[in-house]
Structures are given as structure tokens and as C-alpha cells.
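Residue-level listing of the chains:
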There are 2 protein chains.
Amino acid sequence: MKPTVHDIAAHAGVSLATVDRVLNGRAGVRPAMKAKVEAAVEALGFVRDVAAANLAKGRVYNFVFILPANNNSFMQNLRLEVQAAAERGARERMSIVLRDVPAFDPAALVAALDRVLEEGLDGVAFVAVDAPEVRAAADRLVEAGIAVVTLVSDLSASRRTHFAGIDNSAAGRTAGTLMGRFLGARPGLVLPLAGSLMVRDHRERLEGFTAVMGERFGARAILPVLEGRDDPAETERLVTQAIAEHQGIAGIYSAGAGNRGLIHALSMLSREARPVVILHELTPATREALSQELIDAVLNQDAGHEVRSALRVLKARADGDAVIAAQERIRIDIFLKDNLP
Amino acid sequence: MKPTVHDIAAHAGVSLATVDRVLNGRAGVRPAMKAKVEAAVEALGFVRDVAAANLAKGRVYNFVFILPANNNSFMQNLRLEVQAAAERGARERMSIVLRDVPAFDPAALVAALDRVLEEGLDGVAFVAVDAPEVRAAADRLVEAGIAVVTLVSDLSASRRTHFAGIDNSAAGRTAGTLMGRFLGARPGLVLPLAGSLMVRDHRERLEGFTAVMGERFGARAILPVLEGRDDPAETERLVTQAIAEHQGIAGIYSAGAGNRGLIHALSMLSREARPVVILHELTPATREALSQELIDAVLNQDAGHEVRSALRVLKARADGDAVIAAQERIRIDIFLKDNLP
DNA sequence: ATGCTCCTGATTTACGTACCTCAAGATCTG
DNA sequence: CAGATCTTGAGGTACGTAAATCAGGAGCAT
């Protein structure tokens with residue numbers, strides 16, 4: 001049978017109370033005693049039964065997810081995944097609350113983070129706006145012992161516990177390679193799009209993209225970045241205008257959201273005039289566009305995985321456990337027409 | 001607070017014992033009482049605390065992983081992942097045992113499965129050899145209420161609980177699209193490789209690959225499949241010979257293992273003569289080749305994810321819980337030089 | 001030696017569920 | 001209506017850990 005704390009106490013020749021003090025890092029144990037207990041744990045291969053421990057603690061994990069009140073498909077989906085996780089979380093003693101803040105608004109985000117600090121919850125996951133005041137707010141939370149996970153978009157130079165999202169620079173580089181190779185010898189310009197250069201994920205993607213285009217497909221000219229604020233209508237307007245203005249657009253890379261507008265603009269073009277298009281996030285609209293060959297590749301981050309990963313990290317952090325690094329690496333899914341799920 | 005069995009009893013106006021009888025399907029409860037309890041469960045949104053229940057039952061999950069005694073990189077890695085999962089599983093009352101059977105040996109696999117049946121364990125995960133007698137053995141286990149998960153390679157027409165592995169046909173199609181687009185207008189033949197066409201994974205990949213090449217890149221000539229038996233030396237010999245024989249090989253798709261031999265053959269070619277190469281499984285050798293641009297893309301299945309997914313399904317099945325389908329879909333990772341983890 | 005702090009043991013209660021026993025009430029059988 | 005059988009209530013113990021209390025011993029400074 002699996003050894004219990006009682007076995008440890010017996011083997012170490014100390015009382016249950018002392019074992020408890022050592023295992024839970026409580027004060028009031030001489031080093032000699034501590035060593036005896038640790039030796040017994042080692043010798044018997046004791047592992048704490050987390051189910052029993054949580055039962056005894058009557059612990060409830062209080063977590064908050066703060067998401068931008070953005071109605072693009074990706075954020076909607078992310079919201080659904082958080083809600084699904086909240087439902088499942090109930091049976092594992094997790095209370096998961098979802099809060100909205102205005103998009104791209106550092107002050108609102110700071111207010112939401114400070115509220116978490118006041119309430120003294122166990123952990124928070126949020127989509128970062130990369131601003132100094134947000135970083136300061138996040139660091140205050142960490143200082144207070146609250147687990148802080150950034151979701152989708154990271155916060156530079158902060159002390160956040162973990163980032164649950166993809167390596168956006170690698171994603172941009174991957175998009176660059178696919179663009180360069182799919183274009184091959186076809187002449188023409190490349191147009192990059194973003195939601196906003198204020199969020200770190202879009203900025204990093206574009207940096208990776210342009211770096212690879214420069215390094216490996218240097219002859220290709222790249223237009224200045226257009227910012228569509230993740231809004232379909234604005235994005236469509238910008239793209240339509242750019243296509244009209246520059247006659248030879250051969251490739252479009254969209255690093256942000258609001259791609260319904262882009263897709264609609266593409267559908268107006270003749271098949272021959274259609275550029276190679278690579279964009280992010282698998283949504284009903286982009287899936288449809290991919291299977292109809294309006295676009296060529298979709299780079300995706302799985303919102304469900306990100307939410308579940310963030311939760312695992314928050315829980316592990318609250319329990320003082322280690323995380324499985326490989327499991328928490330969020331992968332960049334590359335979807336072509338052929339491997340749509 | 002979350003409702004407990006006591007709350008149910010109070011709300012239904014019955015005793016704890018009756019609630020217990022209803023919840024655990026014990027006999028001796030009149031339909032009227034049963035309905036009252038069920039109504040209370042519904043009304044209060046009661047969900048059984050699995051941790052407490054397992055603690056009370058003293059339940060231990062007994063799972064077995066049966067892997068082929070094959071020493072290629074992928075299987076070695078799979079074995080390591082199972083061992084890591086076994087260590088972590090201990091703290092969640094899971095006993096995970098790893099057993100080897102000779103590779104591609106239906107009789108040995110059947111014996112191992114029958115042993116699981118005799119021992120009355122809770123679940124088994126195994127790499128299937130696709131044979132009728134294996135299917136029959138798997139069905140016997142399912143019949144006995146034991147959870148059965150196939151890993152990496154599936155078992156056709158069986159009643160297995162779940163398959164933890166990738167869609168190999170989609171993987172082959174994806175390879176085909178990448179090959180066609182990477183080649184672009186470059187002239188030349190395409191050479192497909194496999195370990196053996198007797199193995200179902202390889203066969204499905206090649207079918208998907210050739211289907212896409214035919215549908216969308218029809219002008220491209222494809223050579224007959226070479227079978228390297230997953231052996232590096234044999235693969236190298238075949239590839240070297242094929243390159244010498246047909247002067248214009250522009251692309252190589254390797255659906256199987258033994259890719260070290262292929263990579264060595266590629267390293268002998270001049271940069272200009274080097275074909276577009278797409279192959280499977282990220283190993284130290286293929287990773288190195290990718291970063292040195294000896295090969296162009298690697299399709300990968302994440303062994304760690306497969307093992308963890310199999311375990312989640314086994315546990316959910318043993319508890320009678322539902323699985324999160326989206327979480328258990330094993331994805332086809334596409335690695336370029338730019339998004340290597 | 002006195003009072004003080006620090007360390008340790010012994011013991012108890014609690015968490016939510018499972019499962020057991022025993023007694024008594026309800027319902028059925030003839 | 002008596003007896004048998006089924007259903008229900010009441011109460012307990014157990015699982016493995018956490019966390020608290022209290023008493024007393026060791027060690028220290030004064």
C-alpha cells in the first residue's frame with residue numbers, strides 16, 4: 001500500500017504533528033528532526049494524496065479571468081472556453097469568474113487587477129495590454145502572493161508567473177517562411193496587417209514576419225503595416241483601399257483579428273488577382289475561407305488549451321506544485337485546407 | 001457553498017442513508033423516494049465530490065500501458081513519457097504500469113491484453129497491431145467493462161473506448177500540399193518513402209499524400225514507393241540509389257522512420273541539387289536537419305500529449321465521466337525551421 | 001534557580017463520501 | 001390479522017491529510 005503520513009511518523013520515530021510541520025513547511029522544527037522526516041519520506045517514497053489534502057483543507061480556489069470586451073470570434077471563443085472551464089471547475093473546488101474590461105485600455109485593466117488584489121483571490125489570468133502601469137499592477141499582485149498568468153498576449157519585463165500563449169515571434173517567422181515559399185517566383189508586394197501595434201502579440205508577429213522576409217526572401221518589397229483595430233469593417237476598408245492603390249499586391253499577412261473584413265475584400269477579387277494570404281486564428285469565417293481557397297494558411301492558437309493551461313498553472317502555483325513545462329507550451333497550429341480539424 | 005449529500009438529504013426530506021442508496025444505485029428504495037432524491041440533486045445542482053468519494057472508497061486506478069519493444073527514437077520517447085506520467089500519477093491514486101511486448105507480434109499483444117483481463121485492472125492503453133485476434137481481445141476487455149485506449153496506431157472496427165493518435169490520412173494530405181506548394185514551378189519527380197506498406201499508419205499517410213498530389217498538383221510525376229523498413233542504413237541505400245538513377249528528383253516525402261539514413265544521403269548533395277524534403281517525427285536528428293535546412297518540414301505527433309490524453313480518457317472512463325473531445329484530439333504539429341520548440 | 005522561549009508529542013476535529021449495522025416503520029401475503 | 005418482507009432512519013466508522021490545542025521538556029539568559 002501507499003505510505004501515509006502515519007507511516008512516515010512511525011518510520012522517522014517522530015509524532016504526526018512533526019511530520020505535518022515538515023511537510024507543510026511550518027515553523028518550529030529543529031533541523032535534525034526535519035532531516036529525519038525527510039529521510040523517511042525519501043525511504044518510503046511518500047507522496048501526498050492531493051485529494052485527501054484538498055478535502056482536509058476545504059480549499060476553494062478563487063480565480064478570475066479578465067478578458068477584453070472585444071466581439072471578434074477569437075475573443076468570443078476564448079470567453080466560451082473560460083465559461084466551460086468554470087463549469088467543470090466547480091467539481092474540482094474551483095471558483096472561476098469571468099470579467100470584461102474595455103479593449104486596449106490600460107487604465108481599465110489596472111483597475112480590474114487592483115480589484116483582484118483587494119479581494120485577495122488566489123490567481124488571475126488576463127490578456128495583457130503591454131503598458132508600464134499594467135506591469136506595475138501585475139507586479140503588485142505577484143508581490144502579494146497571487147498567481148498571475150498572462151493569456152494570449154504577454155507583459156514585457158513583468159514578474160508574472162506564467163504566459164499562456166504562443167511564441168508570437170516564432171509565429172510571425174513561420175508566417176514569413178510560408179509566405180516566401182508559397183509566393184515562390186511570383187512577383188509583387190506584401191501587405192502586413194495588424195489590430196494594433198500597442199499589443200505585444202501583434203507587434204511580435206510582425207517583427208518575426210518582416211525579419212524572415214528580409215533574411216530569406218530579401219528581394220520582396222513589404223508595404224507599411226496597416227492597423228485595423230481588430231475591427232472587420234475598418235480592416236475591409238483598409239485592405240480594399242490598399243489593393244486599389246498598389247496594383248501589385250501578391251501577399252497579405254494579417255497578424256491581428258477582424259479577418260472577416262479581409263476575407264470579404266478578398267472575395268471581391270478574381271481568382272487570378274488573389275494574393276497569397278496567411279492569417280491568424282481559426283474561426284468559422286477563416287475556416288470557410290480556407291476550405292474555399294480564399295486564403296492559404298491559418299496559424300492558430302487553441303483558446304481551449306490556453307485556458308486549461310492557464311488554469312493548471314494557477315492551480316499548481318496556488319498549491320506550490322511544479323508545472324509540466326512541455327505540457328504548458330502552447331503550440332502554433334498551422335492549418336492548411338487538408339488538416340482542418 | 002457547494003451542496004453536499006447532507007444538503008440533499010435535508011432538501012429531499014429523507015435520511016442520508018437513502019440518499020446514499022440512490023446515488024450509488026443500491027437496492028431497496030421505493031420509486032417515490034428515489035424521485036424525491038433525484039429532484040433534490042437537480043434542484044441544488046449537486047455534483048459528487050470525486051476526491052472525497054475516492055478517498056472514502058480507497059479507490060486506486062490500475063492502468064497498464066503496453067508498448068512495442070522497439071528502440072526507435074519515437075518509441076523511446078513514448079516510453080519516457082509513460083514513465084513520467086506514472087510518477088505523477090502516484091499522487092492521484094493512479095498505479096501506472098508499463099509493459100513491453102515484441103513489436104508487430106499479434107499473439108504477444110493478445111496475451112498481454114488477456115493478462116489485463118485476468119487481473120481485472122481498470123484500463124489499458126496500447127499501440128495496436130491491426131489484426132483480427134487483437135481486435136477480439138480488445139473487445140473482450142471492453143465487454144468486461146475495462147477502458148481500452150489505442151495509442152499512436154488504431155485498431156479498425158473494434159469497440160475500443162478511444163484512439164489517442166493523429167489522423168494519418170490528414171497528415172499525408174498536409175504533407176502533399178506543402179510539397180506541392182514548396183516545389184512551385186520547380187520541375188522534377190517526387191519520391192515517396194515508407195517503412196513498410198504493411199503498417200497502417202504509413203499506408204494511410206501515403207494514400208493521403210498521393211491523393212493530394214494527384215488532385216491539386218496533377219502535372220507532377222510520382223515515383224513508386226520505396227520501403228526502407230524503418231532502417232536508417234537501408235533507407236540511405238535506397239535513397240542514394242534512387243537519386244543516382246533518376247536525375248530529376250525534386251521532392252522526397254518520408255512517411256516512416258529511419259530518417260537518419262535519409263538525412264545522411266541528403267547531406268551528400270550540393271545545395272542546389274537538394275530536393276524539398278518533408279518527413280515525420282521530430283527527433284534530435286530531424287530537428288538538426290531542419291535547422292540546417294537539409295529538410296523543409298517535419299510533421300509531428302506529440303508523444304507526451306498522447307500519453308496524457310490516454311490517461312485522462314482512461315480515468316474519465318473509470319469514473320464514468322465525459323471527456324472533453326476537443327482536448328483529446330491529437331494534433332498534427334507542423335514544424336518549420338522557424339517554429340521549432 | 002527562575003522565568004522565558006522554542007521545540008515536540010499527543011490528541012482531537014474536520015473535510016465529503018462510502019458503506020456498514022441495527023432497529024423500527026411500512027407494506028405486502030395469505 | 002399475524003407474520004414475513006421490504007423500506008427507511010439513525011448512527012457509526014473509515015479514508016488520508018490539515019490544522020488546532022495543550023502539556024511538558026529542552027535550552028537559554030538573567
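The rules behind each value
Residues numbered from 1 in each chain as written. Chains lettered and ligands numbered in written order. Predicted model: local features only at pLDDT ≥ 70, side-chain atom pairs only at ≥ 80, totals over all residues. Heavy atoms only, no water. Contact = heavy atoms within 4.5 Å. Buried area = accessible area lost by both parts, 1.4 Å probe. Salt bridge = Lys/Arg side-chain N within 4 Å of Asp/Glu carboxyl O. Helix = DSSP H or I, 4+ residues; strand = E, 2+ residues; numbered from the N terminus. Nonpolar A, V, L, I, M, F, W, Y, C, P; charged D, E, K, R; others polar. Pairing = 2+ DSSP bridges. Axes fitted to C-alpha atoms, helices over the stretch in contact; angles between N-to-C directions. Near = heavy atom within 4 Å. Polar contact = N/O pair within 3.5 Å; in protein donor to acceptor, adjacent residues only side chain to side chain. Parallel < 35°, antiparallel > 145°, perpendicular 65-115°, else oblique. Buried < 20%, exposed > 50% of the residue type's maximum accessible area, 1.4 Å probe, protein only. Right-handed = clockwise from strand over helix to strand, strands pointing away. Least-squares fit on C-alpha atoms with pLDDT ≥ 70 in both. Phe/Tyr/Trp six-rings, centres within 6.5 Å; stacked < 30°, edge-to-face > 60°. Lys NZ or Arg CZ within 6 Å of the ring centre and 35° of its normal. Domains from an automatic or database assignment. Core = buried A, V, L, I, M, F, W, Y, C linked by side-chain atoms within 4.5 Å.

Focus: the interface of chain B and chain A
Taken together, the contact pairs 42 residues of chain B with 43 residues of chain A. Note on chain B versus chain A: buried area summed over both sides is about 3900 Å², and carbon and sulfur give 51% of it. The salt bridge involving Asp338 of chain A is made with Arg216 of chain B; its shortest N-O contact spans 3.3 Å. Elements that contribute at least two residues to the side of chain B that touches chain A include exactly helix H4 (50–57), helix H8 (168–183), helix H9 (200–216), helix H13 (303–319), helix H14 (325–328) and strand E11 (333–335) of chain B. It is H8 of chain B that contributes the most residues to the side of chain B that touches chain A, seven residues altogether. In terms of residue class, the side of chain B that touches chain A is made up of 17 nonpolar, five polar and 20 charged.

Quick notes on the sheet that holds strand E3 (residues 123–126) of chain B
Residues and elements named next belong to chain B. Sheet architecture is open: five strands sit in the order E2-E1-E3-E4-E5, paired in parallel fashion. Single-partner strands in this sheet number two, and they are strand E2 (94–101) and strand E5 (162–164). Taken over all neighbouring pairs, the strand axes of this sheet differ in orientation by 20 degrees on average, direction set aside. Against the sheet, helix H6 (residues 106–119) engages strand E1 (61–68), E2 and E3, with an angle of about 155 degrees to E2. Packed onto the sheet, H13 meets E1, E2, E3, strand E4 (147–151) and E5 and runs at close to 145 degrees relative to E1.

Brief notes about the protein's contact with DNA strand C
Around DNA strand C, a shell composed of 26 residues is seen, among which Thr18, Arg30 and Met33 of chain A together with Arg48 and Ala56 of chain B lie nearest. Within 4 Å of the protein, atoms of DNA strand C come from sugar and phosphate in 71% of cases. A distance of 2.4 Å separates a phosphate oxygen of DNA strand C from a polar side-chain atom of Thr18 of chain A. With respect to DNA strand C, the backbone of Val5 of chain B contributes an N or O atom lying 2.8 Å from a phosphate oxygen. Among the secondary structure elements, those contributing two or more residues to the surface near DNA strand C are helix H2 (16–23) and helix H4 (50–57) of chain A together with helix H1 (5–12) and H4 of chain B. It is H4 of chain B that contributes the most residues to the surface near DNA strand C, four residues altogether. Residue composition of the surface near DNA strand C, grouped by class: 11 nonpolar, seven polar and eight charged.

A short note on the packing of helix H1 (residues 5–12) of chain A against H2 of chain A
Residue and element names in this part refer to chain A. Packing of H1 against H2 leaves a shortest axis separation of 9 Å and a crossing angle of 110 degrees. Judged by the inter-axis angle, H1 sits roughly perpendicular to H2. Here Val5, His6, Ile8 and Ala9 of H1 come into contact with H2, specifically with Leu16, Val19 and Leu23. Across the contact of H1 with H2, the residue classes tally to six nonpolar, one polar and no charged.

Structural notes on the pairing of strand E6 (residues 189–194) of chain B
Working note: regular strand, side chains alternate between the two faces of the sheet. All names here are of chain B. Of all six residues in E6, five are buried, a share of seventy percent or more. Relative to strand E8 (residues 249–254), E6 runs parallel, the two being bridged by five bridges. Counterpart to Leu193 in the pairing with E8 is Ser254. Taking the sense of rotation as the criterion, the β-α-β connection linking E6, H9 and strand E7 (residues 226–227) turns out right-handed.

Observations regarding the side chain of Asn54 of chain A
Residues and elements named next belong to chain A. Secondary-structure assignment places Asn54 in helix H4. What makes Asn54 buried here is its relative accessible area of 11%. Look past the residues within four positions of Asn54 in its chain and what remains in contact with it is Arg59, Tyr61, Arg93 and Lys315.

A word on the relation of the copies chain B and chain A
Relative to chain A, chain B is turned by 180 degrees and slid 0.3 Å along the rotation axis, the superposed coordinates differing by an RMSD of 1.2 Å. When the rotation and shift are considered jointly, the pair of chain copies conforms to a two-fold rotation axis. Interface overlap between copies: 95% of the residues of chain B at the interface are likewise at the interface in chain A, consistent with a symmetric, same-surface contact.

Quick notes on the packing of aromatic side chains
Scanning the entire structure with this criterion turns up five aromatic pairs over all chains. On the numbers, 4.4 Å between centres and 20 degrees between planes, the contact of Phe209 of chain A with Tyr253 of chain A is stacked. Here the residue Phe209 of chain A occupies a position in helix H9 (residues 200–216), and Tyr253 of chain A occupies one in strand E8 (residues 249–254), the gap between them amounting to 44 residues. One exposure class covers both Phe209 of chain A and Tyr253 of chain A, and it is buried. Across the ring face of Phe182 of chain B, the terminal group of Arg181 of chain A is positioned such that the distance to the ring centre comes to 4.2 Å.

Describing the pattern of salt bridges
All chains considered together, the criterion is met by 48 salt bridges over all chains. Residues Lys34 of chain A and Glu38 of chain A are paired through a salt bridge, measuring 3.7 Å at the closest nitrogen-oxygen approach. Here Lys34 of chain A and its partner Glu38 of chain A are both found in helix H3 (residues 31–44), four residues apart, which amounts to about one turn of the helix. With relative accessibility at 39%, the residue Lys34 of chain A sits in the partly exposed group. With its nearest N and O atoms 2.5 Å apart, the salt bridge here joins Arg331 of chain A to Asp333 of chain B. You can see Arg331 of chain A sitting in the loop between helix H14 (325–328) and strand E11 (333–335) and its partner Asp333 of chain B sitting in strand E11, one on each of two chains.

Topic: the domain arrangement of chain A
With domains assigned, chain A is organised as domain 1 (5–48), domain 2 (57–165 + 303–330) and domain 3 (168–300). The gap between the C-alpha centroids of domain 1 of chain A and domain 2 of chain A is 35 Å.

Re the packing of helix H6 (residues 106–119) of chain A against helix H7 (residues 132–143) of chain A
All names here are of chain A. At a closest axis distance of 9 Å, the pairing of H6 and H7 adopts a crossing angle of 10 degrees. By the angle between their axes, H6 is roughly parallel relative to H7. Contacts between H6 and H7 involve Pro106, Leu109, Val110, Leu113, Asp114, Val116 and Leu117 from the former and Glu133, Val134, Ala137, Ala138, Arg140 and Leu141 from the latter. Of the residues belonging to the contact of H6 with H7, the class tally is 10 nonpolar, no polar and three charged.

Quick word on the nonpolar core
Ranked by size, the top nonpolar core spans 50 residues in total, and within it Leu178 and Met179 of chain A together with Leu178 and Met179 of chain B carry the most contacts. Not counting residues within four places of it along the chain, the set of residues in contact with Leu178 of chain B comprises Leu178, Phe182 and Leu336 of chain A together with Ile278, Ala297, Leu299 and Ile334 of chain B.

Notes on the protein's contact with DNA strand D
What surrounds DNA strand D is a group of 25 residues, the closest being Arg48 and Ala56 of chain A together with Thr18, Arg30 and Met33 of chain B. Per the 4 Å cut-off to the protein, sugar and phosphate atoms form 72% of the nearby atoms of DNA strand D. One of the side-chain N or O atoms of Arg48 of chain A is found 2.7 Å from a phosphate oxygen in DNA strand D. Among the elements of the structure, H1 and H4 of chain A together with helix H2 (16–23) and H4 of chain B are those that each provide at least two residues to the surface near DNA strand D. Ranked by the residues each element gives to the surface near DNA strand D, the list is headed by H4 of chain A, at four residues.

A look at the side chain of Thr18 of chain A
Residues and elements named next belong to chain A. Locating Thr18 in the fold gives a position in helix H2. Thr18 gets classed as buried once you look at its relative accessible area, which sits at 13%. Each residue touching Thr18, except ones within four places of it in the same chain, is listed here: Val29, Met33 and Val37.

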